[in-house]
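Secondary and tertiary structure notes
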Amino acid sequence: MVKAMVVNKGDDGAVTRQIREISEAELPADGDVTVAVEYSTLNYKDGLCLTGSGGLVRNFPHVPGIDFAGTVETSADGRYKPGDKVVLTGWRVGEAWWGGYSQKAKVKADWLVPLPAGLSTQDAMAVGTAGFTSMLAVMALEDHGLKPGAGPVLVTGAAGGVGSVATAILANKGYEVAAVTGRPETGDYLKGLGATTIVARDDLSEAPKRPLDKESWAGCVDAVGGAMLSRVLTQMKYGCSVAAVGLAGGAALEGATVVPFLLRGVNLLGIDSVMQPYDNRVRAWEAITRDLPMDKLRAMVQPATLADLETLGPSILKGGVKGRVVVDVNA
Ligand code: NDP
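Residues numbered from 1 in each chain as written. Predicted model: local features only at pLDDT ≥ 70, side-chain atom pairs only at ≥ 80, totals over all residues. Heavy atoms only, no water.

1. Describing empty space enclosed by the protein
Following the criterion strictly, the structure yields one cavity of 30 Å³ or more and no others. A volume near 30 Å³ is recorded for the largest cavity. Along the walls of the largest cavity sit K45, I66, G90, R92, V93, E95, T129 and V274, which together make up its complete lining. Among the residues forming the lining of the largest cavity, the class breakdown is three nonpolar, two polar and three charged. (1 Å grid on protein atoms, 1.4 Å probe; cavity = no way out; pocket = protein on both sides within 12 Å on 5 of 7 lines; lining within 4 Å. Points joined across faces, edges and corners; volume = space filled by probe spheres on them. Nonpolar A, V, L, I, M, F, W, Y, C, P; charged D, E, K, R; others polar.)

Given below as structure tokens:
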């Protein structure tokens, strides 16, 4: 028997969370690698799965946790053997498949990545899906021509998980980072991660009133979406790119027009971490070990236990979590 955070839905539709013992026989039968989970984490999507919001979880009871790092215990696949350290993000684990909020997880070998050399399982989960996705966003911006010295790079939702890691990576690579936050009290934290300027959320939260505004940003990692993304598009410098990562502020591009694309050659780059091909996953994890300073990463971590998820799940959905929550599933 192992300990897990189990989400259930009652006949009245109410979703409840409970830490209970599950047997290994209950783990997904189709999995070919069993992993002794050491750390998981809390991402925005975990908040949705923990609270039964957004329709992500269809079958109950369910074990959430969209990412984890740990040690292979048994493997029916030649690529992994007992004792190997591994990381998992994406593939709808924790949504459609039992996930990492458990002392053991059983998954497909195709979904795993070997733990990058030089990274502990704890640090890998300090990165987690949020940080991994931030790196995919920075890689996409650079693949489209972004270089240090081009001007300020905007990071929206900066004090959240994606935003914090993006800020630290960009600053470490020599970019000037303008961090957008709705929490002015996080200013010192964001400057500590390397942000040069703090931009108040209110300055960008309203839908644009005209198709083009002053050219201000050489790039953008956007975790917020909605009206803020529409607004940012009007302020991009000529030929520059926005990496669209999230929708913490909404899904509809209110007030957006195609004019920034047509008159300024602005690129809107979609970033998906879930179905990312294996080679690009490995490339992103290698870049993380190279370009994300570990002291900055550890400075953004809030440690947690499975029991803490009861309150942290709803809290992240209200923008109430700063940086990265790392869950020690064995604590
Ligand atoms: P967090 O909750 O940690 O961060 C989101 C941040 O957005 C908040 O901290 C807050 O930052 C800001 N924010 C929240 N609500 C609003 C609002 N109404 N208007 C403007 N800003 C707001 O979540 P994550 O960093 O884990 O995820 C961020 C987004 O990225 C989510 O939408 C998530 O689903 C998405 N995502 C997408 C992935 C992909 O593969 N494309 C992978 C991972 C995440 P502040 O307080 O600084 O203003």
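2. Points about the sheet that holds strand β8 (residues 153-155)
Across the sheet, six strands lie side by side as β10-β9-β8-β11-β12-β13; this open sheet has parallel pairing. Where the open sheet ends on each side, the last strands, each with one partner, are β10 (197-200) and β13 (267-270). Along the sheet, successive strands turn relative to each other by an average axial angle of 20°, direction set aside. Two strands pair when backbone bridges link them, and strand β12 (residues 236-244) and β13 are joined in this way by four bridges, in the parallel orientation. Within β13, the residue paired with A244 across the bridge is G270. Each of β8, β9 (177-181), β11 (217-222), β12 and β13 touches helix α5 (residues 226-234); the most contacted strand, β12, lies at about 155° to it. (Pairing = 2+ DSSP bridges. Helix = DSSP H or I, 4+ residues; strand = E, 2+ residues; numbered from the N terminus. Axes fitted to C-alpha atoms, helices over the stretch in contact; angles between N-to-C directions. Contact = heavy atoms within 4.5 Å.)

3. Some details on unusual backbone geometry
With an omega dihedral of -5°, the bond running from F60 to P61 counts as a cis peptide bond. Residue placement: P61 occurs in the loop between α1 (44-51) and β4 (67-75). Unlike most non-glycine residues, R92 shows phi in positive territory, near 65°. Turning to its location among the elements, R92 is positioned in the loop between β5 (85-89) and β6 (104-107).

4. Comments concerning the site of the ligand
Taken together, the neighbourhood of the ligand is formed by 26 residues, with V162, T181, G182, R183 and S273 sitting nearest. Within the backbone of A159, a nitrogen or oxygen atom sits 2.9 Å from an oxygen atom of the ligand. With respect to the ligand, the backbone of G160 contributes an N or O atom lying 3.4 Å from an oxygen atom. Burial of the ligand by the protein amounts to 87% of the accessible area it has alone, namely 910 Å². Given that more than half its atoms are within 2 Å of the pocket grid, the ligand belongs to the largest pocket. For the shell around the ligand, the secondary structure elements donating two or more residues are α2 (121-143), α3 (161-172) and β9. Across the shell around the ligand, the residue classes break down as twelve nonpolar, eleven polar and three charged. Split by domain, the residues of the shell around the ligand number at least three in each of domain 1 (2-115 + 300-328) and domain 2 (128-270). (Near = heavy atom within 4 Å. Polar contact = N/O pair within 3.5 Å; in protein donor to acceptor, adjacent residues only side chain to side chain. Areas by Shrake-Rupley, 256 points an atom, 1.4 Å probe, with all protein chains shown as cover. Sits in = over half its atoms within 2 Å of the grid points. Domains from an automatic or database assignment.)

5. What to know about the domain arrangement of the protein chain
Splitting the protein chain by domain gives domain 1 (2-115 + 300-328) and domain 2 (128-270). Taking only C-alpha atoms into account, the centre of domain 1 sits 29 Å from that of domain 2. Listed by partner, the interface residues are 13 residues for domain 1 and 15 residues for domain 2. Together, the buried faces of domain 1 and domain 2 total about 1000 Å²; carbon and sulfur atoms form 62% of this surface. Considering only the side of domain 1, the residues that lose the most area to domain 2 are M300, K322 and R324, jointly responsible for 47% of the buried surface there. Counting every contact that joins domain 1 to domain 2 gives five residue pairs in polar contact (both at pLDDT 80 or more). Partitioned by chemical class, the residues of the side of domain 1 that touches domain 2 number four nonpolar, six polar and three charged. (Buried area = accessible area lost by both parts, 1.4 Å probe.)

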